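Working through the structure, step by step
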Amino acid sequence: MSQTSLSAIRQTLEQGLTPVFLELEDESHKHAGHAGVSHQLKGAEHREDGGVTHLRVRVVATDFTGKSRIERHRIVNGLLQGEIAKGLHAIAIEAKAPGE
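The rules behind each value
- Residues numbered from 1 in each chain as written.
- Predicted model: local features only at pLDDT ≥ 70, side-chain atom pairs only at ≥ 80, totals over all residues.
- Heavy atoms only, no water.
- Helix = DSSP H or I, 4+ residues; strand = E, 2+ residues; numbered from the N terminus.
- Buried < 20%, exposed > 50% of the residue type's maximum accessible area, 1.4 Å probe, protein only.
- Areas by Shrake-Rupley, 256 points an atom, 1.4 Å probe, with all protein chains shown as cover.
- Salt bridge = Lys/Arg side-chain N within 4 Å of Asp/Glu carboxyl O.
- pLDDT = per-residue confidence, 0-100.
- Pairing = 2+ DSSP bridges.
- Axes fitted to C-alpha atoms, helices over the stretch in contact; angles between N-to-C directions.
- Contact = heavy atoms within 4.5 Å.
- Arc of directions from axis to C-beta.

Right, let's get into the overall build of the chain. Helix and strand counts for the chain stand at 4 helices and 3 strands. Ordering the α and β elements of the chain from the N terminus gives α-β-α-β-α-α-β. When each of the 100 residues of the chain is scored for burial, the buried share is 35%. In the structure as shown, the chain presents an accessible area of about 5,800 Å², 50% of it carried by carbon and sulfur atoms.

Laid out in structure tokens, this is it:
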């Protein structure tokens, strides 16, 4: 697990969403041997910065109020495009508005 990558992801999401709750879980280790992990540029052992390849995001933010599940996922994915380009392979997203 790369603390640097998790820190960068946390900072990106905090700046983009100002969440009231944010939890990140590196699940890369659960996917050893997964087809996406064995690809040359995927997987913690192959990612140049040694960073996260599989991530679970639990986030509550007012920015999600009135938005559909798909819109919420698009927002999170859009904010994490830089990490995706670096080799973040999969993101499980649980995005809610306050009070949900």
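Resuming the write-up.
This next bit is on the pattern of salt bridges. Under the definition given, this model contains 8 salt bridges. Measuring nitrogen to oxygen at the nearest pair gives 2.7 Å for the salt bridge that ties Arg58 to Glu23. In this pair, Arg58 sits in strand β2 (residues 54-60) while Glu23 sits in strand β1 (residues 21-26), placing the two residues 35 residues apart along the sequence. Look at Arg58 and you get partly exposed, because its relative accessible area is 22%. Across the pair Glu94 and Arg56 runs a salt bridge whose closest N-O atoms are separated by 3.2 Å. One end of the pair, Glu94, is in strand β3 (residues 90-96); the other, Arg56, is in strand β2, and 38 residues separate them in sequence. In this structure Arg56 comes out as partly exposed when scored by relative accessible area, which is 22%.

Now for the confidence of the model for the chain. In the predicted model, the chain carries a mean pLDDT of 83, and the fraction of residues at 70 or more is 74%. When pLDDT is averaged over each helix and strand of the chain, the minimum, 46, is found for helix α2 (residues 35-38) and the maximum, 98, for helix α3 (residues 69-79).

Quick look at the sheet that holds β3 now. Spatial strand order, β1-β2-β3: 3 strands in an open sheet with mixed pairing. Each edge of the sheet is formed by a strand with only one pairing partner; in this case those strands are β1 and β3. Between one strand axis and the next, the sheet turns by 10° as a mean value, whatever way the strands run. With 6 bridges joining them, β1 and β2 adopt antiparallel strand pairing. Bridge assignment links Leu24 to a residue of β2, and that residue is Val57.

Among the structural elements, Pro19 can be located in the loop between α1 (3-17) and β1. Taking the C-alpha atoms as reference points, Pro19 and Ala61, 42 residues apart in sequence, are found 4.3 Å from one another. Setting aside residues no more than four positions away along its own chain, Pro19 makes contact with Leu13, Glu14, Val59, Val60 and Ala61.

Of the residues making up α3, those classed as buried are Arg72, His73 and Val76. Taken end-on, α3 shows its buried residues confined to a sector of 95°, consistent with a single buried face. Exposed and oriented more than 90 degrees from the buried face of α3 are Ile70 and Arg74.

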